[in-house]
Amino acid sequence: MAALAPLAPAAADANRRAADFNGDGRTDVSVFRPSTGGWYLAGQAAVAWGTAGDTPVPGDYDGNLTADIAVFRPSTGVWYIRGQAGAEWGAPGDLPVPGDYDGNGTTDIAVFRPSIGAWYVRGQAGASWGAFGDVPVPGDYDGNGTTDVAVFRPTTGRWYVLGQAGATWGVLGDTPVPGGYDGDGKTDVAVFRRTTGKWLVHGSAGADIVTDWGVGTDVPLPLPGAIATNLPPLQVSTDPFTNATSAHRTEVEPDSLSFGSTIVSAFQVGRFFNGGSSDIGWATSNDGGLTWDSGFLPGITTIAGGPYDRVSDPSVAYDPAHGAWIVSSLALLASPSVRGAAVVVNRSTDGGHSWSSPVVVSAPAFPTSTRTGRSATPPPSAPSTGTATRSGTTTATATSF
């Protein structure tokens, strides 16, 4: 079995320096922590640069032969480069694809717009290359010192390189992992097959390489465009409740919303057979679904420290003006019959990782009655730091939960 050369991108010189943060000519072991914006570089001081939801885009943006710490903010399309002027380049939904597209030795700011298959390179002519569902895989496939525009089509395993002959390499479910595996100065077409843990490299030097390294749940590195595609199903949450009144190991009826690279999902946990659930769970990814954080909304049901018996119908929204994620849900009372008690909202201002106590935004005028030592009248609304706008009158007397 042929041995793999060190994992390093074989693109333009600027791309080879994409992770050389101290200028010694070697790739540095480093990680970016999306939840905090922290950069941790082996043998070097940690750096805080970025916020939750940002995408790391290191590169040699000033041509000084060292990698610059930089992030792309998907919600605004702004690039923040440490120690340098940033730039607004991109729109929500765009994927950052930095590279040396003109061969001048510096990393260029660039994005790929997956909805229309368009490449936008700052200060240069862009290109229309790709279709909806394609994965951007830029690299120096011909070894001429410039980054080539290229996409991988997961449905067919076909690689399309602008101005060059492509290749069919991979099958549905493979993850593209282009890189310089044979040391000939060119980017090699390669895939990671999650079903077998095999790396399949179509060597540009003429010899194909097959290596067993990893298992199906592993995430291969490097990932083109800081994304992964066609990953196997990943369980992101588990019902932790044990109350005898509802069914457990059940998480149902999710609602999800994405904005930029952030995905937030909310769902019922511990479903009652006649309506509602024990609580609302949430799951958040800030890197397009690669990694997830999860938990349960506080303060709605009695099982989560709130006043209501059950909760149902979660809905996710994003407020870009205030950078806030919002989950609204229908709080229920169970006696004398299951009925809507209030529409409540929980907010997150840290990218969907921690959530406020609920705020009541609408409630019917129930008469006060005493049940198990507490009032059935919904509690007053807590102060809100945002603005909620409703048209007309909303009631919570829904008959279907």
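That block above? That's the structure.
Rules and cut-offs
- Position numbers for residues start from 1 in each chain and track the written sequence from start to end.
- pLDDT decides what is reported in this predicted model: residues at 70 or higher carry local features, side-chain atom pairs at 80 or more are listed and counted, and totals for whole chains, interfaces and linings draw on all residues regardless.
- Heavy atoms from the whole structure form the basis of all side-chain values; hydrogens and water molecules are not counted.
- Paired strands, as defined in this entry, are two strands with at least two bridges between them according to DSSP.
- The way it works is that DSSP assigns letters per residue, a run of H or I at least four long becomes a helix, a run of E at least two long becomes a strand, and they are numbered from the N terminus.
- A 1.4 Å probe rolled over the protein chains alone gives each residue an accessible area, and that area as a share of the maximum for its type sets the label: buried under 20%, exposed over 50%, partly exposed in between.
- Working definition: rings of Phe, Tyr and Trp (its six-membered ring) pair if their centres are within 6.5 Å, and the pair is stacked with planes under 30 degrees apart, edge-to-face with planes over 60 apart, and tilted otherwise.
- Here, nonpolar core refers to any group of buried Ala, Val, Leu, Ile, Met, Phe, Trp, Tyr and Cys residues whose side-chain atoms link them within 4.5 Å.
- Note on contacts: a residue pair qualifies if any of its non-hydrogen atoms lie within 4.5 Å across the two residues.
- Salt bridges are defined by distance alone: a side-chain nitrogen of Lys or Arg within 4 Å of a carboxyl oxygen of Asp or Glu.

Visitor: How do you make sense of the sheet that holds strand E7 (residues 87-88) when you look at a structure like this?
Guide: Hydrogen bonds between backbone groups are what pair the strands of a sheet, and the pairing can be parallel or antiparallel. A sheet is described by the order of its strands in space; here four strands give the open sequence E4-E5-E6-E7, paired in antiparallel fashion. Both outer strands of the open sheet, strand E4 (55-56) and E7, are each paired with one neighbouring strand and no more. Inspection of the sheet shows strand E6 (residues 78-81) paired to E7 by two bridges, in the antiparallel sense. Within the sheet, the bridge partner assigned to Trp-79 lies in E7 and is Ala-87.

Visitor: Would you mind showing me how to read the sheet that holds strand E15 (residues 167-168) here?
Guide: The four strands lie next to each other as E12-E13-E14-E15, forming an open sheet whose pairing is antiparallel. In the strand order of this sheet, the two ends are held by strand E12 (135-136) and E15, each with one partner. Two strands pair when backbone bridges link them, and strand E13 (residues 150-153) and strand E14 (residues 158-161) are joined in this way by four bridges, in the antiparallel orientation. Its bridge partner being in E14, Ala-150 is matched across the sheet by Val-161.

Visitor: Would you mind going over the pairing of E14 with me for this structure?
Guide: Sheet faces and side chains relate simply in a regular strand, where the side chains alternate between the two faces. The alternating pattern of E14 places Trp-159 and Val-161 on a buried face and Arg-158 and Tyr-160 on a face that is not buried. Between the antiparallel neighbours E13 and E14 lie four residues, among them Gly-157 with a positive phi of about 70°. In terms of strand pairing, E14 meets E15 through two bridges, oriented antiparallel. Counterpart to Trp-159 in the pairing with E15 is Ala-167.

Visitor: Looking at this structure, I do not really get the packing of aromatic side chains. What am I missing?
Guide: Two aromatic rings are characterised by how far apart their centres lie and by the angle between their planes. Evaluated as defined, the whole model comprises nine aromatic pairs. A ring pair is formed by Trp-282 and Trp-355, whose centres lie 6.2 Å apart and whose planes are at 50°; its orientation type is tilted. Highlighted residues: Trp-282 in strand E22 (residues 277-285) and Trp-355 in the loop between strand E26 (339-348) and strand E27 (359-362), separated in sequence by 73 residues. Considered together, Trp-282 and Trp-355 belong to a single accessibility category, that of buried residues.

Visitor: Looking at this structure, how should I read the nonpolar core?
Guide: Formed by 18 residues in total, the largest nonpolar core has its most connected members in Leu-297, Ile-300, Tyr-308, Val-327, Val-344 and Trp-355. Among the secondary structure elements, those contributing two or more residues to this core are strand E21 (262-271), E22, strand E24 (310-319), strand E25 (324-333) and E26. Ranked by the residues each element gives to this core, the list is headed by E25, at four residues. Dropping the residues within four chain positions of it, Val-327 is found in contact with Ala-266, Ile-280, Leu-297, Pro-314, Ser-315, Val-316, Val-344, Val-345, Asn-346 and Trp-355.

Visitor: Is there a simple way to think about the pattern of salt bridges in this case?
Guide: Where charged atoms of side chains with opposite charge meet at close range, the side chains can pair. Summed over the entire model, instances satisfying the criterion amount to five salt bridges. Residue Arg-153 is joined to Asp-134 by a salt bridge in which the shortest nitrogen-to-oxygen separation is 2.8 Å. Taken as a pair, Arg-153 in strand E13 and Asp-134 in the loop between strand E11 (127-128) and E12 lie far apart in primary sequence, 19 residues in all. Taking relative accessible area as the criterion, Arg-153 reaches 24% and is therefore assigned partly exposed. Look at Asp-134 and you get buried, because its relative accessible area is 5%. Asp-212 is the partner of Lys-198 in a salt bridge, and the nearest nitrogen-oxygen pair spans 2.7 Å. Taken as a pair, Lys-198 in strand E18 (residues 198-202) and Asp-212 in strand E19 (residues 209-212) lie far apart in primary sequence, 14 residues in all. Its relative accessible area of 27% is what places Lys-198 among the partly exposed residues.

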